[in-house]
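# Report on the structure
Chain by chain, the residues run as shown.
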Amino acid sequence: MQVTRDTFNDVMVPNYNPADMVPVRGEGSRVWDQHDNEFIDFAGGIAVNVLGHCHPALTQALISQGNKLWHLSNVFTNEPALRLAKKLTDATFADKVYFANSGAEANEAALKLARRFALEMHGTQRSEIIAFKQGFHGRTFFTVTVGGQPAYSDGFGPKPGDILHCEFGNLDMLASMMSDKTCAIMMEPLQGEGGIIVPDPAFVKGVRELCDKHHALLIFDEVQSGMGRTGKLFEYMNLGVRPDILTTAKSLGGGFPIGAMLTTAAIAEHLKPGTHGSTYGGNPLACAVAEAVFDVVNTPQVLDGVAHKEALFREHLNRINAKYHVFEEIRGKGMLLGCALNEQYKGRAKDFMVAATNEGLMCLVAGMNVVRFAPSLVIPDKDIIEGLEKFERGIAGLVAQPVALTK
Ligand SMILES: *Cc1c(COP(=O)(O)O)cnc(C)c1O
């Protein structure tokens with residue numbers, strides 16, 4: 001059967017607006033489309049393909065588990081899930097793991113756990129969840145309402161209640177919002193979708209102190225920042241601030257859908273049998289792939305390589321900017337970088353993305369003003385350099401044009 005990009009418009013719900021080209025295969029940080037055009041991949045499936053496409057260790061894990069056992073449901077446990085949970089708890093602050101299938105589901109579990117914990121420990125008045133403007137936590141109705149962009153949760157009827165939003169970075173405002181009604185604070189230790197916003201470490205430490213003072217739980221959403229992307233297994237390790245609950249997904253599966261919520265034994269106790277669950281969550285196929293991801297990522301070779309690759313990106317991006325004067329700032333950490341457009345190009349991030357794609361580079365935006373890169377942690381240096389040459393050609397074409405390409 002012949003399918004093209006036009007087929008999308010015929011048969012798919014129009015909630016996405018994908019690129020014109022249709023990728024058909026990938027290897028490492030390169031991807032080929034239906035017409036065999038080659039692309040360098042700085043998008044990484046939105047911070048998912050942490051080891052690029054078809055990494056041999058991941059393909060091997062998928063095939064070998066695929067020949068053994070795919071799915072059981074949580075009526076039975078399974079070896080890959082138990083091994084992955086053991087590795088995640090050994091490597092982090094956490095004692096316990098709950099597996100889900102996505103970031104939103106991991107966050108949904110975290111929020112429900114926080115509410116249940118507060119109810120059982122402190123009573124019914126402690127139900128307020130405080131999150132941050134521009135934050136993103138997924139698209140289920142609870143998580144999207146906790147997210148800090150009301151446009152994403154408007155228009156679906158009555159929203160879940162007792163959810164407040166504070167300015168990201170404003171500790172005084174947070175202090176004034178907290179009380180004995182505060183159940184939990186949910187935050188990204190590095191905001192991704194909101195525009196690659198790295199908070200002041202002192203702010204994050206202050207949030208932890210306020211949570212301790214008010215007996216509120218601190219939930220770190222590391223769905224985008226986690227699994228090595230910032231050079232440590234999780235960003236909380238760079239910040240030196242321990243959350244009570246941490247969620248991860250995206251890079252955890254390296255391209256296979258999986259999410260996880262990590263917490264301490266004392267908090268985990270409150271999700272007693274029957275309180276929460278998922279049919280697929282922790283299925284052997286997903287956990288076998290994620291275990292292979294973990295084994296490769298959580299090594300000095302991969303984690304220590306991230307800083308070098310970040311430096312290479314920054315060096316070339318600064319050089320490009322010195323020539324074309326399009327960015328106000330290059331920000332982010334490790335393999336999660338944002339090029340914030342200056343005043344002259346405000347609102348045109350998508351034009352930059354389209355111009356890059358036309359030159360053979362896949363990248364992302366984060367809002368209207370930031371071009372985002374979330375490539376593989378093991379992207380070869382020569383792919384970084386070649387990709388940035390394509391990016392530069394895209395920018396050269398764009399600055400030569402007087403009007404916007406896309407609305
Ligand atoms: C992508 C993302 C999510 C949602 O993950 P899904 O797998 O799309 O449900 C949640 N939180 C953060 C920080 C994310 O970047």
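If you check an unreviewed UniProt entry, the chain appears there as Acetylornithine aminotransferase from Glaciecola punicea ACAM 611. Here is the UniProt Subunit (unreviewed entry) comment for the chain, exactly as written: "Homodimer."

### A word on the overall build of the chain
Looking only at helices and strands, one finds 15 helices and 15 strands in the chain. For a compact globule of 407 residues, the expected C-alpha radius of gyration is about 22 Å, and the chain comes in at 21 Å, within 12% of that figure. The C-alpha extent of the chain, read off along each of the three principal axes, is 60 × 55 × 45 Å. Within the chain, contacts between residues at least 6 apart in sequence are counted, and of these 70% link residues at least 24 apart. For the chain, the accessible surface area stands at approximately 18,000 Å², while carbon and sulfur atoms represent 56% of it. Averaging the coordinates of the 38 positive side-chain charges in the chain and doing the same for the 45 negative ones gives two points 2 Å apart.

### Concerning the sheet that holds strand β11 (residues 327-333)
With antiparallel pairing, four strands are arranged side by side in an open sheet as β11-β12-β15-β14. If you trace the sheet from one side to the other, it starts and ends with β11 and β14 (364-365), each paired once. In terms of strand pairing, strand β12 (residues 336-341) meets strand β15 (residues 370-373) through four bridges, oriented antiparallel. Bridge pairing links L337 to F373 in β15. Each of β11, β12 and β15 is contacted by helix α13 (residues 300-324), which is oriented at about 175° to β11, the strand it contacts most. Sheet strands in contact with helix α15 (residues 381-399) are β11, β12 and β15, and its direction is about 165° off that of β15.

### Description of helix α3 (residues 56-66)
When we look at burial in α3, the residues that qualify are L58, A61 and Q65. Projected down its long axis, α3 carries its buried residues within an arc of 60°, all on one side. In α3, those exposed residues whose orientation departs by more than 90 degrees from the buried face are P56 and Q60. Turning to α3, the residues buried within the fold contact α4 (79-91) and α12 (284-297).

### Topic: the site of the ligand
Surrounding the ligand, one finds S102, G103, A104, N107, F136, H137, G138, E188, D221, V223, Q224 and K250. The contact in question runs from an oxygen atom of the ligand to an N or O atom on the side chain of Q224, over 2.7 Å. The side chain of K250 places a nitrogen or oxygen atom 2.6 Å from an oxygen atom of the ligand. Calculation on the ligand without its partners gives an accessible area of 380 Å², and the protein chains cover 82% of this total. Here the shell around the ligand gets three residues from one element, more than from any other, and that element is helix α5 (residues 103-122).

### Some words on the sheet that holds strand β1 (residues 23-27)
Pairing is mixed across the open sheet formed by four strands, whose spatial order is β1-β2-β3-β13. Pairing within the sheet leaves two strands with one partner each, and these edge strands are β1 and β13 (361-362). Note: strand β2 (residues 30-33) against strand β3 (residues 38-41), three bridges, orientation antiparallel. Note that in β3 the partner of V31 across the bridge is F39. In the packing of α15 onto the sheet, contacts are made with β2, β3 and β13, and the angle to β3 comes to roughly 110°.

### Looking at the packing of helix α14 (residues 349-358) against α15
Taken N-terminus to C-terminus, the directions of α14 and α15 make an angle of 120°; their axes are 8 Å apart at the nearest point. Considered as vectors, α14 and α15 are oriented oblique to each other. Classified by chirality, the crossing of α15 by α14 is right-handed. Contact with α14, carried on its side by D351, F352, A355 and A356, involves F391, G394, I395 and L398 of α15 and no other residues of that element. Partitioning the contact of α14 with α15 into residue classes produces six nonpolar, one polar and one charged.

### With respect to α14
Taken together, the buried positions of α14 are A349, D351, F352, A355, A356 and T357. Elements that come into contact with the buried residues of α14 comprise β3, β12, β13, β14, β15 and α15. Residue G360 follows α14 closely and has a positive phi angle near 95°.

### Observations concerning the pairing of strand β7 (residues 182-187)
Summarising burial for β7: six of the six residues are buried, a large majority. As paired strands, β7 and strand β8 (residues 217-221) are joined by four bridges and run parallel to one another. Looking across to β8, one finds that I185 is bridged to L218. Following the backbone out of β7, through helix α9 (residues 201-214) and into the adjacent parallel β8, one traces a crossover that is right-handed.

### Considering the UniProt feature "binding site: pyridoxal 5'-phosphate" (unreviewed entry) in the chain
Listed under "binding site: pyridoxal 5'-phosphate" (unreviewed entry) in the UniProt record, and renumbered for this structure, are G103, A104, F136, D221, E222, V223, Q224 and T279. Across 177 residues, the annotated set is spatially dispersed, with a maximum C-alpha separation of 25.0 Å. By the element assignment, E222 lies in the loop between β8 and α10 (235-239). Apart from the residues lying within four places of it in its own chain, the contact partners of E222 are P189, F234, E235, Y236, L246, T247 and T248. A distance of 2.8 Å separates a polar side-chain atom of E222 from the backbone nitrogen of E235. Mapped onto the fold, Q224 is located in the loop between β8 and α10. Dropping the residues within four chain positions of it, Q224 is found in contact with A47, G192, E193, R229, K250, L336 and R372. Engagement of the side chain of Q224 in a polar contact is seen with the side chain of E193, the distance being 3.2 Å.

The rules behind each value
- Within any chain, residue numbers begin from 1 and follow the written order of that chain's sequence.
- At least 70 in pLDDT is required for a residue's local features to be given in this predicted model, at least 80 for side-chain atom pairs to be given and counted, and no such filter applies to totals for whole chains, interfaces and linings, which use all residues.
- Side-chain metrics rest on all non-hydrogen atoms present in the structure, leaving aside hydrogens and water.
- UniProt positions are given in the numbering used here, feature names are shortened, and annotations may be inferred rather than shown by experiment.
- Comment: elements are numbered from the N terminus, with helices defined as DSSP H or I runs of at least four residues and strands as E runs of at least two.
- What the globule rule says is 2.2 Å times the number of residues to the power 0.38, and the radius of gyration is computed from C-alpha atoms.
- The criterion used for residue contact is that any of the two residues' heavy atoms lie within 4.5 Å.
- We get accessible surface area from the Shrake-Rupley algorithm with a probe of 1.4 Å; when it comes to residues, only the shown protein chains can shield them.
- None of His or the chain ends enter the tally, which takes Lys and Arg as positive and Asp and Glu as negative.
- Taken as the charge location is NZ of Lys, CZ of Arg, CG of Asp or CD of Glu.
- Note: two strands are recorded as paired if DSSP finds a minimum of 2 bridges between them.
- In this analysis, axes come from line fits to C-alpha atoms, helices being fitted only over the stretch in contact, and the angle between any two N-to-C directions falls in the range 0 to 180 degrees.
- Burial here depends on accessible area, computed with a 1.4 Å probe over protein chains only, as a share of the maximum for the residue type. Under 20% is buried, over 50% is exposed, and the range in between is partly exposed.
- Note that the arc is computed from the directions linking the helix axis to the C-beta atoms.
- If a single non-hydrogen atom of a residue is within 4 Å of a molecule or strand, that residue counts as near it.
- Pairs of N or O atoms are called polar contacts if they sit within 3.5 Å, as long as, within protein, a hydrogen donor faces a hydrogen acceptor (for residues adjacent in sequence, only side-chain-to-side-chain pairs).
- Roughly parallel refers to an angle under 35 degrees, roughly antiparallel to one over 145, roughly perpendicular to one between 65 and 115, and oblique to any angle outside these ranges.
- Handedness of each helix crossing follows the sense of rotation of the near helix against the far helix: counterclockwise by less than a right angle gives left-handed, clockwise gives right-handed.
- Three residue categories are used. Nonpolar comprises Ala, Val, Leu, Ile, Met, Phe, Trp, Tyr, Cys and Pro, charged comprises Asp, Glu, Lys and Arg, and polar comprises the others, including Gly.
- The crossover handedness rule: strands pointing away from the viewer, path from first strand over the helix to second strand clockwise, crossover right-handed.

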